[in-house]
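Observations on the model geometry
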Amino acid sequence: MTVADANVREEVNTAVKKMVVAESRLSIDPATVGDTEPLNGEVLRVTSVGFLSMLIRLEDELGVTLPDDLFAGRSFHTVADLVDVVAPTCTGRAAG
Amino acid sequence: MIETIVLNARRAADAAPAVRDPAYPLFAAAVGKRLVERWDEVLAANEADLRAARDAGLSPAMVERMGLAGAHLEALAELTRQVQEDLPAVTAPGPEVRGVGRSRARLVARPLGVLLMVYESRPMVTLDSAVLAVCTGNAVLLRGGSECRGCNAVLADVIASALRDAGLPEHLAQVLLDTDRAGLRELMKRDDAIDVLLPRGGSGLVSYCRTASRIPVIAGGAGVNHLYAHSSADADEAVRLVLDSKLPDPAGCTALEMLLLDEGLADDFFAALTARLDEPDVRGLVLRTPAEVAERLPAELTRVLEVRELAGNDDGREFLDTTLGVRLVSDVDEAVRHVRRHGTGHTEGVAARSAEVVERFTAQVDAAAVVVNGSLRLHDGPTMGAGPEIAISTGRLHVRGPVGLAALLTRSWVVDGGGTVRFRRDGAEGEDR
């Protein structure tokens, strides 16, 4: 992984954590959420992935346009699973 | 494209007849009639959308919300009937008040203006939003999700035909079939042209709209709802209220999340719940409770129901499934403190025979609805007898509770002066009395 890719992944990681905390209606610091935290577990409560609010929050945060079907046809269990899918759509763009 | 959409909406709003015009009930009736004519086509389009959604691997939660059935047609027929019945009273001018001199003033109903509704998955939102918004004289932009595009295209035709039938401006309701998220962002910035934003969806969408747009928002927030069962309550009645508040549609915004059980009622309540374990849906209930409460549960209850330990983050959480948090409290004051700290001001309930406890709870708890000795699911426009609604608002201004016809209107004063001046009379200063 290049330094640029690592920066992008870090940025996506932060954006995804902000998004899942907002979707779980929690008022905790997103930085306290671990990468392996289950999306629907003791802390987070993201029961379904792919709703408008998730995509639009990520786009706002990352300054990218994500495909509508980004989350379709996949299963997600942890925060890192989401980061794995979002990060490749952001590489090639300078980390903000 | 966005410019054309908002310009057309503003022009339609300006050209629309005043509220109380007979065109509005005609529109409601025409939507019902046109929908019946096109229902087979609507169902076929919905089926195609569902197939595409499943093929694309959309989440089951989203696919489940997309489906249409005959019950939706019946619900829409009832909505249009109720709207026609309610419109005269909802739009009636207020009583006249007397001012200085010969002046008289009264409040008259006016539309809010141009509304932007944002929603996804549920195609009938397109129609019920159009009916309530247009019948109150508003122009409305209906932005549904791309997953329902086929069905919404047919519903857009239904609405366009009904507007023509009623002689209303063609752009009074616009279904935005081609507005992507970039277009939506652009619309949400148009506080110069759009008067009210109404997100109809999950709490994620609502909180996004509240923070991302300067347009005033009318919306329901999350429903972290509690029911306090006091020791004076009938234990079995409390169980029935809890089960009805939790099990049907557990992801609904009026669902119960946390039962605050008075110490003095706890054992009788658990016994009454155990007696109902044979009811099929009860077996799906999941209890989350502190370890010391779990120890008090009857063995039969813990054998049949899943019981988990309550986590720190479970206070103030919307479970969105059949999970029910249970905490024991010592009295009404402790219950009120918990509700004030963790509630979201949506729907709170108390079960008690003690009038004093009911009075204290209703006086101290501030929510869009406080339900006394009833299911939290009574907080619903038609069920409460408050008429059709499109949401339950948790906002503190303009509308709180069911968002019905009256909430899509504002009121302004018409002052009939009868020639009265205030400051100058016959060239001299002073009120004309």
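Note that the coordinates shown come from a computational prediction; the quantities given were computed from them, not determined experimentally. Within each chain, residue numbers correspond to sequence positions counted from 1 in written order. Written order decides the labels, with chains lettered from A and ligands numbered from 1. Restriction of local features to residues with pLDDT of at least 70 applies here, the model being predicted, together with a cutoff of 80 or more for giving and counting side-chain atom pairs; totals for whole chains, interfaces and linings are based on all residues. In computing side-chain properties, one takes all heavy atoms of the structure into account and sets aside hydrogens as well as water.

Let's talk about the overall build of chain A
Put simply, DSSP H or I for four residues or longer makes a helix, DSSP E for two residues or longer makes a strand, and each gets a number counted from the N terminus. Helix and strand content of chain A: three helices and zero strands. In chain A, the succession of α and β elements from N to C terminus is α-α-α. Against the 2.2 N^0.38 benchmark of 12 Å for 96 residues, chain A shows a C-alpha radius of gyration of 12 Å, consistent with a compact globule. Classification of residues uses two cut-offs on accessible area relative to the type maximum, computed with a 1.4 Å probe and protein chains only: under 20% is buried, over 50% is exposed, and between them is partly exposed. Burial statistics for chain A: of 96 residues in total, 50% are counted as buried. Excluding contacts between residues fewer than 6 apart, the proportion of contacts in chain A whose partners are at least 24 apart in sequence is 56%. Each accessible area value is a Shrake-Rupley result obtained with a 1.4 Å probe; residue values ignore everything except the protein chains displayed when judging cover. Counting every atom, chain A has about 4,400 Å² of accessible surface; 50% of that belongs to carbon and sulfur. Chain A carries 8 positive and 15 negative side-chain charges, and their two centres are separated by 3 Å. In this setup the radius of gyration rests on C-alpha atoms only. A globule is expected at 2.2 Å times the number of residues raised to 0.38. Residues are treated as being in contact if the distance between any of their heavy atoms lies within 4.5 Å. In this count, Lys and Arg are taken as positive residues and Asp and Glu as negative ones, while His and the chain termini are left out. Lysine's charge is taken at NZ, arginine's at CZ, aspartate's at CG and glutamate's at CD.

Brief notes about the sheet that holds strand β10 (residues 306-309) of chain B
All names here are of chain B. Here, strands pair whenever DSSP counts at least two bridges between them. Read across the sheet, seven strands follow the order β10-β9-β11-β8-β7-β12-β13 without closing on themselves; strand pairing throughout is parallel. In this open sheet, the two strands that pair with only one neighbour each are β10 and β13 (369-372). The average angle at which neighbouring strand axes cross in this sheet is 25°, direction not considered. Bridging between strand β12 (residues 347-351) and β13 involves four bridges; their strand directions are parallel. Bridging from a neighbouring strand, Val350 pairs with Val372 of β13. What counts as an axis is a line fitted to C-alpha atoms, over the stretch in contact for a helix, and the angles between N-to-C directions run from 0 to 180 degrees.

Section: the packing of aromatic side chains
Residues and elements named next belong to chain B. Aromatic pairing here means that ring centres of Phe, Tyr or Trp (its six-membered ring) are within 6.5 Å. Orientation follows from the plane angle: under 30 degrees is stacked, over 60 is edge-to-face, and everything else is tilted. Throughout the structure, instances matching the rule amount to three aromatic pairs over all chains. Consider the rings of Phe269 and Phe270, whose centres lie 6.1 Å apart with planes at 80°: the pair is edge-to-face. Classification of Phe269 by relative accessible area gives buried; the value is 3%.

Some details on the environment of Thr347 of chain B
Residues and elements named next belong to chain B. Mapped onto the elements of the fold, Thr347 is located in strand β12. By relative accessible area, which is 0% here, Thr347 ends up buried. When the C-alpha atoms of Thr347 and Gly223 are compared, they prove to be 6.8 Å apart, with 124 residues separating the residues in sequence. Not counting residues within four places of it along the chain, the set of residues in contact with Thr347 comprises Asn225, His226, Thr254, Ala367, Ala369, Val371, Leu376 and His379. At 2.8 Å, the side chain of Thr347 and the side chain of His379 are in polar contact. Here a polar contact means two N or O atoms within 3.5 Å. Within protein one must be a hydrogen donor candidate and the other an acceptor candidate, and residues neighboring in sequence count only if both atoms are side-chain atoms.

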